[in-house]
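Notes for the structure review
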Amino acid sequence: MSTSALITIVVIAVIIIAVFGLLYFLGKRAQKKQDEQQAQIEAMKQSVTMLIIDKKKMRMKDAGLPQAVIEQTPKLLRRSKLPILKVRIGNQVMSLICADNIFDQVPVKKEVKASISGIYVTEVRALHGKVIIPEKKKGFWSNLISKAQEKAGAKPVK
């Protein structure tokens with residue numbers, strides 16, 4: 001192997017190591033920020049009974065959120081779609097941002113007991129009846145694999 005090829009490989013390896021090191025430290029900083037934000041959310045959490053009128057994934061400017069909230073968000077995130085709940089708390093109708101991991105569990109047109117922190121819904125519990133957890137849709141490839149397994153006899157037919 002020639003020395004120029006060896007030098008090229010060493011330079012590429014150093015660059016890759018530097019990139020991974022930078023990503024590691026940026027990831028640690030982002031994790032610390034997220035932990036601090038989660039602690040703030042937990043400290044400000046309140047339990048509220050509310051009626052869910054509607055739920056959608058929509059942009060912030062279309063959601064009817066307060067202008068102060070829209071101005072505080074970074075410009076790149078303003079165009080992304082957020083899970084928005086339109087709820088009635090008492091006699092007041094308002095739009096709230098829902099946690100992404102519970103958005104599918106939120107029932108529409110039902111009264112629920114929810115934990116909210118500011119305009120952010122963190123948890124939903126059923127007040128009357130049970131909260132229905134919808135089944136996740138299978139993707140194209142997982143459907144194809146399960147059909148092939150059923151035909152082959154490796155998986156029992158439902």
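The coordinates are above.
Here goes a summary of the coordinates provided. (Residues numbered from 1 in each chain as written. Predicted model: local features only at pLDDT ≥ 70, side-chain atom pairs only at ≥ 80, totals over all residues. Heavy atoms only, no water.)

**Description of the layout of surface pockets**
Filter applied, for reference: Buriedness of a pocket was judged along seven lines, with at least five required to meet protein on both sides within 12 Å; pockets are open sets of points on a 1 Å grid over the protein atoms alone, cavities are sets where a 1.4 Å probe fits but cannot get out, and lining residues have an atom within 4 Å of a point. Grid points are joined across faces, edges and corners, and a volume is the space filled by probe spheres set on the points. What counts as a helix is a DSSP run of H or I of at least four residues, what counts as a strand is a run of E of at least two, and both are numbered from the N terminus.
As a volume, the largest pocket reaches approximately 1,000 Å³. In this structure, the largest pocket is lined by 24 residues; those nearest its centre are Q37, I41, T73, I97 and Y120. For the lining of the largest pocket, the secondary structure elements donating two or more residues are α1 (3–43), α3 (67–72), β2 (81–89), β3 (92–98) and β5 (120–126). Ranked by the residues each element gives to the lining of the largest pocket, the list is headed by α1, at five residues.

**Regarding the packing of aromatic side chains**
Going by this rule: Put simply, two rings from Phe, Tyr or Trp (the six-membered ring, in Trp's case) pair if the centres are within 6.5 Å, and we call them stacked under 30 degrees between planes, edge-to-face over 60, tilted for the rest. The classification of residues rests on relative accessible area computed with a 1.4 Å probe and restricted to protein chains. Under 20% of the type maximum is buried, over 50% is exposed, and intermediate values are partly exposed. Whether a charge lies above a ring is judged from NZ of Lys or CZ of Arg, which has to be within 6 Å of the ring centre and within 35 degrees of the ring normal.
Tallied over the entire structure, the rule returns two aromatic pairs. Summarising the aromatic geometry, the rings of Y24 and F25 are spaced 5.3 Å apart at their centres and angled 70° between planes, so their arrangement reads as edge-to-face. According to the relative accessible area criterion, F25 is exposed, its value standing at 57%. Geometrically, the ring pair formed by F140 and W141 is edge-to-face, given 5.2 Å between the ring centres and 75° between the ring planes. Each member of the pair, F140 as well as W141, carries the same accessibility label: exposed. Lying across the ring of F103, K55 places its NZ or CZ 5.1 Å from the centre.

**Structural notes on a nonpolar patch on the surface**
Formally: Residues with no salt bridge and a relative accessible area higher than 30% make up the patches, which join like charges within 9 Å and nonpolar side chains (Val, Leu, Ile, Met, Phe, Trp, Tyr) within 5 Å. Note that accessible areas follow from Shrake-Rupley with a 1.4 Å probe, and for residues the cover is restricted to the protein chains shown. By definition here, a salt bridge exists when the distance from a side-chain nitrogen of Lys or Arg to a carboxyl oxygen of Asp or Glu is within 4 Å.
Taken together, the side chains of I7, V11, I12, I15, I16, V19, F20 and L23 make up a nonpolar region of the molecular surface, amounting to roughly 770 Å² of accessible area. Summarising the element assignment, V11 is placed in helix α1.

**Quick look at a positive patch on the surface**
How we decide: Residues scored as charged are limited to Lys and Arg (positive) and Asp and Glu (negative), so that His and the chain ends carry no count. Taken as the charge centre is NZ of Lys, CZ of Arg, CG of Asp or CD of Glu, depending on the residue.
Together, K28, R29, K32 and K33 make up a positively charged patch on the protein surface. In this fold, R29 is placed in helix α1. Since its relative accessible area comes to 58%, R29 is described here as exposed.

**Some words on the nonpolar core**
Filter applied, for reference: Grouping buried Ala, Val, Leu, Ile, Met, Phe, Trp, Tyr and Cys residues that are joined through side-chain atoms within 4.5 Å yields what is termed a nonpolar core. Whether two residues are in contact is decided by their heavy atoms, any of which lying within 4.5 Å being enough.
Counting 16 residues, the largest nonpolar core has M50, I52, L85, V121 and V124 as the members making the most contacts within it. Once you skip the residues sitting within four places of it in the chain, V124 turns out to touch I102, V106, P107, V112, K113 and A114. Core analysis: the second largest hydrophobic core is formed by six residues, M60, I70, I84 and I97 among them.

**Structural notes on the side chain of T73**
Tracing the backbone shows T73 in the loop between α3 and α4 (75–78). Those residues within four positions of T73 in sequence are excluded, and the remaining contacts are M60 and R78.

**Here we look at helix α5 (residues 140–152)**
Condition: The span you would expect from a helix comes to 1.5 Å times its residue count less one.
Here α5 contains 13 residues, and its C-alpha end-to-end distance of 18 Å stays within 8% of the 18 Å for a straight helix at 1.5 Å per residue. Looking one or two residues past α5, G153 carries a phi angle of roughly 90°, positive in sign.

**With respect to the pattern of salt bridges**
Inspection of the entire model under this criterion finds four salt bridges. With its nearest N and O atoms 3.1 Å apart, the salt bridge here joins E42 to K45. Relative accessible area serves as the criterion here: at 32%, K45 is assigned to the partly exposed category. Measuring nitrogen to oxygen at the nearest pair gives 3.9 Å for the salt bridge that ties D54 to K56.

**Structural notes on the pairing of strand β1 (residues 46–59)**
Condition: Two strands pair if DSSP finds at least two bridges between them.
Direction of pairing for β1 relative to strand β4 (residues 111–117): antiparallel, over a ladder of six bridges. Paired with S47 across the two strands is S115, which belongs to β4. Sheet topology places β1 next to β2; eight bridges connect them, and they run antiparallel. Within the sheet, the bridge partner assigned to I52 lies in β2 and is V87.

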